[in-house]
Structures are given as structure tokens and as C-alpha cells.
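Survey of secondary and tertiary structure
Now for the letters of each chain:
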Amino acid sequence: MDEKVSREKGGKSEAWTPDGFEEAEKMLLSEKNTLFESLIGKVINYPELDKMLREHIFNGKGTAYVASNPMIDLAAMFGIIKKANGLAVPANRIFDTLLSDYYLSMSKMTDVEICAAALEDKNRFIDGGRLNMQLVMERFVEHFTDLYGHLGEKFIEEEGRKYFLLYLKPIINGTGNYSMEAVTRSQSRTDLMVYYGGEKILIEAVV
């Protein structure tokens, strides 16, 4: 923030702001570094950890933080998770978004269909630099129903959040960002915060 963001924003006073923080987070997540490589390496090498984090991020399923659990103890030692409201959650917002982006990038090739649908609609969602989230959600429901509605309610319940993020990312990519609110998952709700054009848009998904 003090160096890169301040240069882009034209000064440190403009960098050390909520918008400057979002810009710094976006820069950091776009970089390749040894910390991120190590985190992803641990997820690849420990399938139980991978499953726990994946279900937490996309399905809102919390795992009780039990220090005597070898996997939880190991993940905490690596600095990957922390204890929040009695649950094991990603250690910070950066890790949460990094893991979400990683899992989305590893989606099956068949999932490209929802991304392509988003790109076709992208210009409809941006008006005067603002994101029309209501229209994004309406169009997502239409596309999701057309592409995957026949797979049943269980698929929709378990995969809906992931496919919404797959739809959203091509729309906000390069300009906006998002983060998952981990604490609320313990209250059977996942909050998705979308940052675009200086605005913050909160989306609540009930588990």
C-alpha cells in the first residue's frame, strides 16, 4: 500500500483508505510467491485438509476446531487455519480468497459453460462503471437452471455457490474483487462481499 498502491493512487493519503486496501489485496492475490505456493502445496498433499477447506468455502460446512485432531493441529501449525467461534476456518481473508480462486481454477472443463455465459452477458451488467448485481443474479439463475437444473436439488444445494462464483469472476475480473465472510458460516449463512467501482455489495446465501 505504501509503495505500489500509493503510486497508482497518486499519493499515500489516497492509498491508505478502504479502496486502497482492496487494491492492495487484488495486487497481492495476482502475484506468485513462495507463501502462496506453500499453501497450495499443503492442500494438494493433504487430501483431508483439502476436503475440509473446500467444503468450508463452497458449502458453508464448518468443522469443529479440535486441537487434538491431527489434521487440524497440522493445519494450524502451518498457519493455514485459525479458530473462530469454535470452528476451523482459513487463517485470514487473503487465504480464503486465494483458496477459492484456486478451487475455481481447477473446476472441470464442463464448468466452462457457465463462464462463457457470463462473458456473453458481461456488457449488460456494467452501467456507468457500476455493477448491476441484481441483474447478475437474475441472469445467473436463468443460466444455471438451463445448464444444470436437471441435475436435481441436491446438486443445486451443494454446488450452487461454486457456480455462482464461476459466473461472477469473469464479470468483475480485472476491476473488482470478492471475499467470503467466514465467521457467519457458523450461523448457517455465507456472506459474499463483492467490491466493484468503489462500491461494496453484500450477498447472503443461506445454508
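Residues numbered from 1 in each chain as written. Predicted model: local features only at pLDDT ≥ 70, side-chain atom pairs only at ≥ 80, totals over all residues. Heavy atoms only, no water.

Another aspect to go through is helix H8 (residues 112-125). Since the α-helix packs 3.6 residues into each turn, any two residues three or four apart lie on the same face. With 14 residues, H8 extends 19 Å between its outermost C-alpha atoms, agreeing within 8% with the 20 Å of an ideal straight helix rising 1.5 Å per residue. The largest bend along H8 reaches roughly 35° and is located at Leu 119. Here H8 has its buried residues at Ile 114, Ala 117, Ala 118, Asp 121 and Phe 125. (Helix = DSSP H or I, 4+ residues; strand = E, 2+ residues; numbered from the N terminus. Expected span 1.5 Å × (residues − 1). Bend = angle between axes of the 7 residues up to and from the residue. Buried < 20%, exposed > 50% of the residue type's maximum accessible area, 1.4 Å probe, protein only.)

Two numbers describe how helix H4 (residues 34-45) lies on helix H7 (residues 93-105): the axes approach to 11 Å, and their chain directions differ by 60°. The angle between the axes of H4 and H7 places the two elements in the oblique class. Handedness of the H4/H7 crossing: right-handed. On H7, the residues touching Leu 35, Phe 36, Leu 39, Ile 40, Val 43 and Ile 44 of H4 are Ile 94, Phe 95, Leu 98, Leu 99, Tyr 102 and Tyr 103. Partitioned by chemical class, the residues of the contact of H4 with H7 number twelve nonpolar, no polar and no charged. (Axes fitted to C-alpha atoms, helices over the stretch in contact; angles between N-to-C directions. Parallel < 35°, antiparallel > 145°, perpendicular 65-115°, else oblique. Left-handed = near helix turned anticlockwise from the far one by under 90°. Contact = heavy atoms within 4.5 Å. Nonpolar A, V, L, I, M, F, W, Y, C, P; charged D, E, K, R; others polar.)

Attention now moves to the packing of aromatic side chains. Inspection of the entire model under this criterion finds nine aromatic pairs. With 5.5 Å between their ring centres and 55° between their planes, Tyr 102 and Tyr 103 make a pair best called tilted. Take Tyr 102 and Tyr 103: they sit in the same class, and that class is buried. On the numbers, 5.2 Å between centres and 80° between planes, the contact of Phe 140 with Phe 164 is edge-to-face. Placement of Phe 140 in helix H9 (residues 133-148) and of Phe 164 in helix H10 (residues 153-172) is noted, with a sequence separation of 24 residues between them. Summarising the burial analysis for this pair, Phe 140 and Phe 164 share the class buried. Of the aromatic side chains, those joined through ring pairs into one cluster are Phe 125, Phe 140, Phe 144, Tyr 148, Tyr 163, Phe 164 and Tyr 167. Directly above the aromatic system of Phe 78 lies the positively charged group of Lys 42, at a separation of 4.6 Å from the ring centroid. (Phe/Tyr/Trp six-rings, centres within 6.5 Å; stacked < 30°, edge-to-face > 60°. Lys NZ or Arg CZ within 6 Å of the ring centre and 35° of its normal.)

Turning next to the pairing of strand E2 (residues 81-84). Where E2 meets strand E3 (residues 87-90), four bridges bridge the pair, whose relative direction is antiparallel. Each residue of the ladder has a partner; that of Ala 84, found in E3, is Leu 87. Joining the antiparallel neighbours E2 and E3 is a turn of two residues, in which Asn 85 adopts a positive phi near 55°. (Pairing = 2+ DSSP bridges.)

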